[in-house]
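Here are the chains, one letter per residue:
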Amino acid sequence: MKRYGILLVSTLLLAMGIRVAGSLVREEVPVVEYRVTQAQTVEDRVVCSGKIESAQSEKVYVSMPCIAGEVYVQAGDAVKKGQKLFSVDVGATQQVLAALGESVGALAIDNIEEEITSPVDGIVTALNVVQGEAAEPEEACAVISSSSALQVAVTIGEKDIRKVQEGQEVHVSGMAFDQENYAGTVTYLSPSARQLVSGTTTETVVDAVITLQETDASLRPGLTAKASIVTGSSPHVILAAYEDVLQDEEENEFVFVYQRGRAYKRVIETGAERSEGFEVLSGLEEGETVISVPSEEWRDGQRVQLAGRE
């Protein structure tokens, strides 16, 4: 009888051990988030930046390099046509021009404008002169806005300009704006390109104007704006979130696809980078379950449990 009793106890302990071990194995199965792939239409966009400005404005330039004297106005001031904006320090300007030598000439030195005035009635929406500092003829020293209508002046890079046309839809946004997006339309593209200097780098750009279809008080002239120009659309596109895509030692991009309690490695080919993720050219079909943020240490066939599912 003792022998049978010992055997019974051993059997019970073994069964309990198996149950505990099984429980531990189940606890080690990671619970994962997932996404089900869906084909969708995505927009092709060109993103650029610029400034909010009055739709009717006059840019004020100096005819030659000069040194600003007294500045009579500041941004936001209302001015009348012919009103003084700033004076020119004639003596300092003569020294600067003389240093330039033959490239300027004696005639220019003798014909220095002593005062710069507003060409129109309006509001000073930009002022780029400081007393004692140089004003250059290539840059507007002031902008006088004569209308409450607003637009966005942007620059489009050389690599993107062939995609942009007048009449295209635009979504405009900015850190200081009340709304997340404002609707607009490309209404002007400059017929020529120019060089944009930023620090030590130079970029070839084309100037463009976006007319806003809606405005509010938060869209102040001079504020920075980001413009997302819709240049086309692509139908039936499957996207893979950036954080779901891994790369193996052979530099193949892959995701983990869920099937019957396991995550299987699936090599994919990616195309354009969209705001939501990579465009998948091959390797995934609509309706497949892709594991979100997979571990790089997983093996092919890793056991997983989908979050929210038993």
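What counts, and at which threshold
Residues numbered from 1 in each chain as written. Predicted model: local features only at pLDDT ≥ 70, side-chain atom pairs only at ≥ 80, totals over all residues. Heavy atoms only, no water. Phe/Tyr/Trp six-rings, centres within 6.5 Å; stacked < 30°, edge-to-face > 60°. Buried < 20%, exposed > 50% of the residue type's maximum accessible area, 1.4 Å probe, protein only. Helix = DSSP H or I, 4+ residues; strand = E, 2+ residues; numbered from the N terminus. Contact = heavy atoms within 4.5 Å. Salt bridge = Lys/Arg side-chain N within 4 Å of Asp/Glu carboxyl O. Pairing = 2+ DSSP bridges. Axes fitted to C-alpha atoms, helices over the stretch in contact; angles between N-to-C directions. Disulfide = S-S within 2.5 Å.

If you walk through the whole model with that rule in mind, you get four aromatic pairs. Centroid distance F177 to Y182: 5.8 Å. Interplanar angle 90°. Geometry classified as edge-to-face. Y182 carries the same exposure label as F177, and that label is buried. Ring geometry for F256 and W298: centres 5.4 Å apart, planes at 70°, overall edge-to-face.

Relative to the assigned elements, D244 resides in the loop between strand 16 (224-240) and strand 17 (246-247). Taking relative accessible area as the criterion, D244 reaches 2% and is therefore assigned buried. Those residues within four positions of D244 in sequence are excluded, and the remaining contacts are R35, F254, V255, V290, I291, S292, V293 and P294.

Quick look at the pattern of salt bridges now. Counted according to the given criterion, the structure contains eleven salt bridges. Between E43 and R45 there is a salt bridge, with the nearest N and O atoms lying 2.5 Å from each other. Judged by its relative accessible area of 34%, E43 falls in the partly exposed class. Here K163 makes a salt bridge to D160, at a shortest N to O gap of 3.5 Å. A relative accessible area of 34% places K163 in the partly exposed class. Relative accessible area serves as the criterion here: at 12%, D160 is assigned to the buried category. When salt bridges with common partners are traced through the structure, they connect R35, E243 and D244 into a single cluster.

Turning to unusual backbone geometry, a few remarks are in order. A positive phi is found at E251, a non-glycine position, where the angle reads about 65°. Positionally, E251 belongs in the loop between strand 17 and strand 18 (253-259). A relative accessible area of 60% means that E251 is categorised as exposed. A positive phi is found at V293, a non-glycine position, where the angle reads about 50°. Relative to the assigned elements, V293 resides in the loop between strand 22 (289-291) and strand 23 (302-303).

The four strands are arranged 4-11-9-6 in an open sheet whose pairing can be described as antiparallel. This sheet does not close on itself; its edge strands, each paired only once, are strand 4 (57-60) and strand 6 (78-79). In this sheet, strand 11 (residues 142-145) lies alongside strand 4 in antiparallel orientation, the contact comprising four bridges. Across the sheet, the residue bridging to V60 is A142, located in strand 11.

The subject of this paragraph is the sheet that holds strand 5 (residues 66-71). Pairing within the open sheet is antiparallel, and its four strands lie in the order 8-7-5-10. Only two strands of the sheet have a single neighbouring strand rather than two, namely strand 8 (115-117) and strand 10 (134-135). Relative to strand 7 (residues 84-88), strand 5 is paired through two bridges, and the arrangement is antiparallel. Of the residues in strand 7, the one forming a bridge with A68 is V88. Along the sheet, helix 2 (residues 90-100) makes contact with strand 5 and strand 7, crossing strand 5 at roughly 165°.

For the structure on display, the rule yields zero disulfides. Between C66, a cysteine without a disulfide, and C141, which holds the nearest cysteine sulfur, the sulfur-to-sulfur distance is 7.5 Å. Accessibility expressed as a relative area gives 3% for C141, which makes it buried.

Sheet analysis places strand 18 next to strand 19 (residues 262-267), joined by six bridges and oriented antiparallel. Note that in strand 19 the partner of V257 across the bridge is Y264. Where strand 18 folds back onto strand 19 in an antiparallel hairpin, the turn is made up of two residues, including R260, whose phi is positive at roughly 50°.

What follows concerns the pairing of strand 5. When a strand is regular, its side chains alternate between the sheet's two faces. Here strand 5 runs beside strand 10; their pairing, made up of two bridges, is antiparallel. Pairing of I67 across the sheet is with A134, part of strand 10.

What follows covers the environment of V245. If you trace the backbone, V245 turns up in the loop between strand 16 and strand 17. The buried category is assigned to V245, whose relative accessible area is 13%. Sequence separation between V245 and P294 is 49 residues; the distance between their C-alpha atoms is 8.3 Å. Leave out the neighbours within four places in its chain, and V245 touches A240, E253, F254, V255, I268 and F278.

Time to look at the environment of R303. Counting through the fold element by element, R303 comes out in strand 23. Along the backbone, R303 and V31 are 272 residues apart, and their C-alpha atoms lie at a distance of 9.5 Å.

Read these as layout, nothing more, since geometry by itself doesn't imply function.
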